[in-house]
Amino acid sequence: MARLWYSIGSSSITYRLVQFCEASSDVAITQAVIAMAHSMKMTVIAEGVETRIQAEFLRQNRCDQLQGYYFSRPLPAEAFAELLQKADFGSVQES
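This one's a predicted model, so the numbers in the text were calculated from it and none came from an experiment.

With that settled, consider the pairing of strand S1 (residues 10–13). A one-sided burial pattern is seen for S1, the buried positions being Ser11 and Ile13 and the unburied ones Ser10 and Ser12. With four bridges joining them, S1 and strand S2 (residues 43–46) adopt parallel strand pairing. Bridging from a neighbouring strand, Ser12 pairs with Ile45 of S2.

Evaluation of the coordinates by the stated rule reveals one aromatic pair. Relative to Phe71, the ring of Tyr70 lies with its centre 5.0 Å away and its plane at 80°, an arrangement referred to as edge-to-face. Tyr70 sits in the buried class, given a relative accessible area of 5%. The class of Phe71 is partly exposed, set by a relative accessible area of 34%.

A word on helix H3 (residues 52–60). Within the sequence span of H3, burial applies to Gln54, Ala55, Phe57 and Leu58. Buried positions in H3, seen along its axis, are confined to an arc of 165° and lie on one side of it. Exposed residues pointing more than 90 degrees away from the buried face of H3 are listed as Ile53 and Gln60. Looking at the buried residues of H3, the elements they touch are S1, helix H1 (15–19), helix H2 (27–39), S2 and strand S3 (65–66). Directly after H3, the chain includes Arg62, whose backbone phi takes a positive value near 65°.

Each value, and the rule that gives it
- Residues numbered from 1 in each chain as written.
- Predicted model: local features only at pLDDT ≥ 70, side-chain atom pairs only at ≥ 80, totals over all residues.
- Heavy atoms only, no water.
- Buried < 20%, exposed > 50% of the residue type's maximum accessible area, 1.4 Å probe, protein only.
- Helix = DSSP H or I, 4+ residues; strand = E, 2+ residues; numbered from the N terminus.
- Pairing = 2+ DSSP bridges.
- Phe/Tyr/Trp six-rings, centres within 6.5 Å; stacked < 30°, edge-to-face > 60°.
- Arc of directions from axis to C-beta.
- Contact = heavy atoms within 4.5 Å.

The values reported here are purely geometric and, on their own, carry no functional implication.
Now the structure itself:
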């Protein structure tokens, strides 16, 4: 039997799955995606995080990286560099 070798380093949780974080009946879907990706030794990146509730849920469920309007709207490179200098990467903060 041939072995299939693959190398995938990360998995994205799309905006749609991030929205499930706030609907109690659908959180299991997002939790399952995170767990499956981690079981495959993948980094999990959530896209489209817009609220503190979503950010906290994703952090509590071991999502590795978060991105979205909750943290910042798109910025020119210079403004982004300033944001990075001021950032506190240790906590999720209210915008």
